Amino acid sequence: MSARYPFFKGMMPILPTVLTEDGSPDLEAQGRLVEYVIANGAVAIGHMAGASEYYKVSEYDRDPMIRALVSQVGGRVPVYVGTTDVARKTALRQAEEAADQGADLIMVCSPIVGNMSDAELLKYYEDVGHATSLPIIMQDTGASSGRFTADFMLRAIDKVPNIGYVKAEGVNCLPKANRLVSELGDTVQVIGGSAGFEMPTLLRMGVTAFMTGTEALDVHNDCIQTYFAGDEAEADRLYHMTILSYLRFFTLSGRYMLKYMLCRRGVLENTVLPFPVEESTPDPFIVAQLDRTLDRINELRGKKVL
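Here the structure is a predicted model, which means the values were calculated and not measured.

Structural notes on the overall build of the protein chain
Phase 1 of the analysis: When its secondary structure is counted, the protein chain shows 11 helices and 8 strands.
Phase 2 of the analysis: For the protein chain, the C-alpha radius of gyration of 18 Å lies close to 19 Å, the compact-globule estimate for 306 residues.
Phase 3 of the analysis: For the protein chain, with 306 residues in total, the buried portion stands at 55%.
Phase 4 of the analysis: For the protein chain, the exposed area adds up to about 12,900 Å²; of that, 51% sits on carbon and sulfur atoms.
Phase 5 of the analysis: In the protein chain, 29 side chains carry a positive charge and 39 a negative one; their mean positions are 3 Å apart.

The structure is reproduced here in structure tokens:
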């Protein structure tokens, strides 16, 4: 069978919600972030997903942020937006609005609260599919993995014809992704995530697109492009030397560290997180170890990339 929608090959970063010191949306800094990810190999750009802390963005800020993103991108790469909300009606309205806002795709995970049955979750995806004609990325997150088994995801894909992509993460990610790649073949694309962990394994599995590495997109992109060029051994070396080594410290406080690393690169000017903040500021010792690791990666690469 032919693909429902074109497959992506490369990095599909999700943007964080960029704020000024007083917590207002910083559209100028968001624009710099867009230019940074495009310059470093993005083949699509996303917003209003988990890494964006979408559930903290007010309805008054959401629309101008999405429209500013679409305007800044200017058609250079596709834009996808998350439309999930804890309120069902809001989620469906956001799915309906996405095309008018200029999005090319939407991404949908389960609501972050509650305990939906399989039947309820399937109905949720069917309703979203009826609310939009855009392609849907079905997102399995760590919080939703209990429901997003391979069997459930395959049933949802069968029921909702505009699900064209699945992002496999969370518990049991690798066996689940392997089964999905095997059974979906060239019809629906499986996209990697999980911050970049196990990237070489996913590449060998046949995964060709990743929603990771916004904080270091060029480094993640170097790894996968090296693999695509046929040098699996060098891709493995790059992964262990330049990705896995910093992820150990990065994931201790990922939302803060993402913005901290973008500040190191001069893309952002602060590490302000949306209110209410869920992560405490990392211990200075951990930040110092991340700095040391990033400096060492730069030395090993022979250039300042982080």
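Having seen the structure, we can now continue with the description.
Structural notes on the packing of helix 9 (residues 232-250) against helix 10 (residues 254-264)
Phase 1 of the analysis: Two elements in contact, helix 9 and helix 10, have axes separated by 9 Å at closest approach and are oriented at 125°. With respect to helix 10, the element helix 9 is oriented oblique. Between helix 9 and helix 10, the residues in contact are Y246, F249 and F250 and G254, M257, L258 and M261, respectively.
Phase 2 of the analysis: Per-class residue counts for the contact of helix 9 with helix 10 are 6 nonpolar, 1 polar and no charged.

Details of helix 8 (residues 217-228)
Phase 1 of the analysis: Given a rise of 1.5 Å per residue, 12 residues ought to cover 16 Å, and the 16 Å separating the end C-alpha atoms of helix 8 matches this to within 8%.
Phase 2 of the analysis: Inspection of helix 8 places L217, D218, V219, H220, N221, C223, I224 and T226 among the buried residues, and these make up the whole buried set.
Phase 3 of the analysis: Check the buried side of helix 8 and you find it contacts strand 1 (10-11), helix 1 (27-39), helix 7 (199-205), strand 8 (209-210), helix 9 and helix 11 (284-301).
Phase 4 of the analysis: Looking one or two residues past helix 8, G230 carries a phi angle of roughly 100°, positive in sign.

A short note on the sheet that holds strand 3 (residues 79-82)
Phase 1 of the analysis: The sheet built from 6 strands is open, its strands ordered 2-3-4-5-6-7 with parallel pairing. Two strands lie at the open edges of the sheet, namely strand 2 (45-47) and strand 7 (189-191), each paired on one side alone. Here the average twist between neighbouring strands, direction ignored, is 25°.
Phase 2 of the analysis: In the sheet, strand 5 (residues 136-139) pairs with strand 6 (residues 163-167) via 4 bridges, with the strands oriented parallel. Across the sheet, Q139 pairs through a bridge with K167, a residue of strand 6.
Phase 3 of the analysis: In the packing of helix 6 (residues 173-184) onto the sheet, the strands contacted are strand 6 and strand 7, and the crossing angle to strand 7 comes to about 160°.

Some points on the nonpolar core
Phase 1 of the analysis: Grouped together as the largest cluster of nonpolar side chains are 90 residues, with contacts concentrated most on I45 and V166.
Phase 2 of the analysis: It is helix 9 that contributes the most residues to this core, 7 residues altogether.
Phase 3 of the analysis: In contact with I45, not counting residues within four places along its chain, are P13, L15, V34, V37, I38, L69, V73, V77, P78, V79 and Y80.
Phase 4 of the analysis: Within the second largest apolar cluster, 13 residues are counted, among which are M12, Y80, I191 and M211.

Brief notes about the packing of aromatic side chains
Phase 1 of the analysis: Tallied over the entire structure, the rule returns 8 aromatic pairs.
Phase 2 of the analysis: Seen in terms of ring centroids, F8 and Y165 are 5.5 Å apart; in terms of plane orientation they differ by 40°. Their pairing is tilted. Of this pair, F8 sits in the segment before strand 1 while Y165 sits in strand 6, and the two are 157 residues apart along the sequence.
Phase 3 of the analysis: Under the relative-accessibility criterion, F8 is labelled buried at 10%.
Phase 4 of the analysis: Among the aromatic side chains, those forming a connected cluster through ring pairs are Y124, Y125, F148 and F152.
Phase 5 of the analysis: The ring of F228 carries the charged tip of K9 above its face, separated from the ring centre by 4.6 Å.

Let's talk about the pattern of salt bridges
Phase 1 of the analysis: Enumeration according to the criterion identifies 25 salt bridges in this entry.
Phase 2 of the analysis: Between E278 and K56 there is a salt bridge whose closest N-O contact spans 2.8 Å. Note that E278 is positioned in the loop between helix 10 and helix 11 and K56 in the loop between strand 2 and helix 2 (59-73), a separation of 222 residues in sequence.
Phase 3 of the analysis: For K56, a relative accessible area of 17% puts it in the buried group.
Phase 4 of the analysis: Salt bridges here are not isolated pairs; linked through shared partners, they connect E53, K56, R255 and E278.

Parameters and conventions
Residues numbered from 1 in each chain as written. Predicted model: local features only at pLDDT ≥ 70, side-chain atom pairs only at ≥ 80, totals over all residues. Heavy atoms only, no water. Helix = DSSP H or I, 4+ residues; strand = E, 2+ residues; numbered from the N terminus. Rg over C-alpha atoms; globule rule 2.2 N^0.38 Å. Buried < 20%, exposed > 50% of the residue type's maximum accessible area, 1.4 Å probe, protein only. Areas by Shrake-Rupley, 256 points an atom, 1.4 Å probe, with all protein chains shown as cover. Lys, Arg positive; Asp, Glu negative; His and termini not counted. Charge placed at Lys NZ, Arg CZ, Asp CG, Glu CD. Axes fitted to C-alpha atoms, helices over the stretch in contact; angles between N-to-C directions. Parallel < 35°, antiparallel > 145°, perpendicular 65-115°, else oblique. Contact = heavy atoms within 4.5 Å. Nonpolar A, V, L, I, M, F, W, Y, C, P; charged D, E, K, R; others polar. Expected span 1.5 Å × (residues − 1). Pairing = 2+ DSSP bridges. Core = buried A, V, L, I, M, F, W, Y, C linked by side-chain atoms within 4.5 Å. Phe/Tyr/Trp six-rings, centres within 6.5 Å; stacked < 30°, edge-to-face > 60°. Lys NZ or Arg CZ within 6 Å of the ring centre and 35° of its normal. Salt bridge = Lys/Arg side-chain N within 4 Å of Asp/Glu carboxyl O.

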